[in-house]
Amino acid sequence: MARESLTLRRPDDWHLHLRDGAMLKAVLPFSARVFGRAIVMPNLAPPVTRVSAAEAYRKRILKALPRRTAFTPLMTAYLTDTIAADEIERGFASRVWIAAKLYPAYATTNSDLGVTDIARIAKVLERMARLGMPLLVHGEVTDPKVDVFDREAAFIERVLAPLVRRLPELKVVFEHVTTRDAVDFVRAQRPNVAATITPHHLTISRNALFQGGLRPHMYCLPVAKREAHRLALRQAATSGEAKFFLGTDSAPHRIADKEKDCGCAGIFCAPAALETYARVFEEENALDRLEAFAALNGPRFYGLPPNETRVTLEREKWKVPAKVKVGTGAVKPFLAGEELGWQLLGKPDSPKNR
Ligand code: DOR
Ligand code: ZN
């Protein structure tokens, strides 16, 4: 008989955009109701390049939390061409940031101060390798000659493969992988190279971007790829392998910023993230592996204990909200208005979810 409820260790989100100000306040409860910890991306404007900025941002996140919600933001440093290895080390040694994020310059939202050439941060990467500090990678080349659907595969060949050859001890998380190439690459490396996989890349192929018309809310970077890649991602996520773990890449933008001539990249999947993963794992007959993917593999990679508390999903139909208000505007969640078959027990800020 199909299971009626599913209790797991509280999961963590190893890749999340929380933004700031009114947006932070509006979106944070959706992550904090379910995840115990989250790695918070540093691509604010201006980006988080200083230890002091990360500390201040962490404080703003904690202040924006709903009352009595236990949620730990894990901060990250934004790598630039000129960031000092000493600053990186200082933040890591003082436990302000847990990892550093490599955005190739102009690859995505707020990446204009990102790294123009990985050779420029060679010293920083060497230091990180020595410290055991993970490098989180947005794995796309920005070369306009490379087709947008091939940018991840080209990144592996041009940047990532040479990097792990040069610094085999560097801990690397290949974030939000979208291709079979990335899955194969990660599998072929030592255990210190891992990957996160989003709920939306497990759910949609690039067809979804054009279904009946142009669909800006299905647009994120790296963009969803063809179906064969989606199937490879599903196989990796549900395999139970320690190298693959949960990272939602929930990336909210106001509807007005998505539905315009040059709409922003990013999918706001936080309102139904765990429930969407559960659907995928059930479809793949792998519900028994959801806990490894969502709550065990990530902490093990980062050298942290898994959460001691639990969450429960019940087999109960519910609808993903159509919109989430942010100030005078709103954000549209992934799968807005759609029905899902697993529901998290308790309201976002209810005691049941603590
Ligand atoms: O789609 C994306 N949105 N991809 C990223 O890498 C950044 C993110 C954002 O911050 O909006
Ligand atoms: Zn991201």
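Residues numbered from 1 in each chain as written. Chains lettered and ligands numbered in written order. Predicted model: local features only at pLDDT ≥ 70, side-chain atom pairs only at ≥ 80, totals over all residues. Heavy atoms only, no water.

## Let's talk about empty space enclosed by the protein
Item 1. Throughout the structure, instances matching the rule amount to three cavities of 30 Å³ or more.
Item 2. Empty space within the largest cavity amounts to approximately 130 Å³.
Item 3. His 17, Thr 108, Leu 221, Asp 249 and Ala 251 are the residues nearest the centre of the largest cavity, which is lined by 18 residues in total.
Item 4. In terms of residue class, the lining of the largest cavity is made up of six nonpolar, nine polar and three charged.
Item 5. Here the second largest cavity defines a volume of roughly 50 Å³. (1 Å grid on protein atoms, 1.4 Å probe; cavity = no way out; pocket = protein on both sides within 12 Å on 5 of 7 lines; lining within 4 Å. Points joined across faces, edges and corners; volume = space filled by probe spheres on them. Nonpolar A, V, L, I, M, F, W, Y, C, P; charged D, E, K, R; others polar.)

## Some thoughts on the confidence of the model for the protein chain
Item 1. Here the protein chain averages 96 in pLDDT, and 97% of its residues register 70 or above.
Item 2. Note that pLDDT drops below 50 for residues 348-354; the model gives that stretch 19 contacts with residues more than four away or on any other chain. (pLDDT = per-residue confidence, 0-100. Contact = heavy atoms within 4.5 Å.)

## A word on helix H3 (residues 85-93)
Item 1. Those residues of H3 that fall on the buried side of the exposure criterion are Ala 85, Glu 87, Ile 88 and Gly 91. Seen end-on, H3 carries its buried residues on one side only, within an arc spanning 165°. Looking at H3, the residues exposed on the side facing more than 90 degrees away from the buried face are Asp 86 and Ala 93.
Item 2. In this fold, the buried residues of H3 make contact with helix H2 (51-64), strand E4 (72-78), strand E5 (97-102) and helix H4 (122-131).
Item 3. Looking one or two residues beyond H3, the residue adopting positive phi is Arg 95, at roughly 60°. (Buried < 20%, exposed > 50% of the residue type's maximum accessible area, 1.4 Å probe, protein only. Helix = DSSP H or I, 4+ residues; strand = E, 2+ residues; numbered from the N terminus. Arc of directions from axis to C-beta.)

## Describing the site of ligand 1
Item 1. Around ligand 1 sit His 17, Arg 19, Asn 43, Thr 108, Thr 109, His 138, Cys 220, Leu 221, Ala 251, His 253, Ala 265 and Gly 266, and that is every residue in its neighbourhood.
Item 2. In the model, an oxygen atom of ligand 1 is placed 3.3 Å from a nitrogen or oxygen of the His 17 side chain.
Item 3. Between ligand 1 and Asn 43 there is a distance of 2.8 Å, counted from an oxygen atom to a side-chain nitrogen or oxygen.
Item 4. Isolated, ligand 1 exposes 290 Å² of accessible area, and the fraction of that covered by the protein chains is 100%.
Item 5. Applying the majority rule of atoms within 2 Å of the grid points places ligand 1 in the largest cavity.
Item 6. When grouped by side-chain class, the residues that make up the shell around ligand 1 number four nonpolar, seven polar and one charged. (Near = heavy atom within 4 Å. Polar contact = N/O pair within 3.5 Å; in protein donor to acceptor, adjacent residues only side chain to side chain. Areas by Shrake-Rupley, 256 points an atom, 1.4 Å probe, with all protein chains shown as cover. Sits in = over half its atoms within 2 Å of the grid points.)

## Things to note about the pattern of salt bridges
Item 1. Here the structure, examined in full by the defined rule, presents 18 salt bridges.
Item 2. Where Asp 143 meets Arg 158, a salt bridge forms, and the shortest distance between an N and an O atom there is 3.1 Å. Residue Asp 143 is located in the loop between strand E6 (135-137) and helix H5 (151-166), and its partner Arg 158 is located in helix H5; the two are separated by 15 residues in the primary sequence.
Item 3. For Arg 158, a relative accessible area of 46% corresponds to the partly exposed category.
Item 4. Among the charged side chains, a salt-bridge network with shared partners connects Glu 4, Glu 282 and Arg 315. (Salt bridge = Lys/Arg side-chain N within 4 Å of Asp/Glu carboxyl O.)

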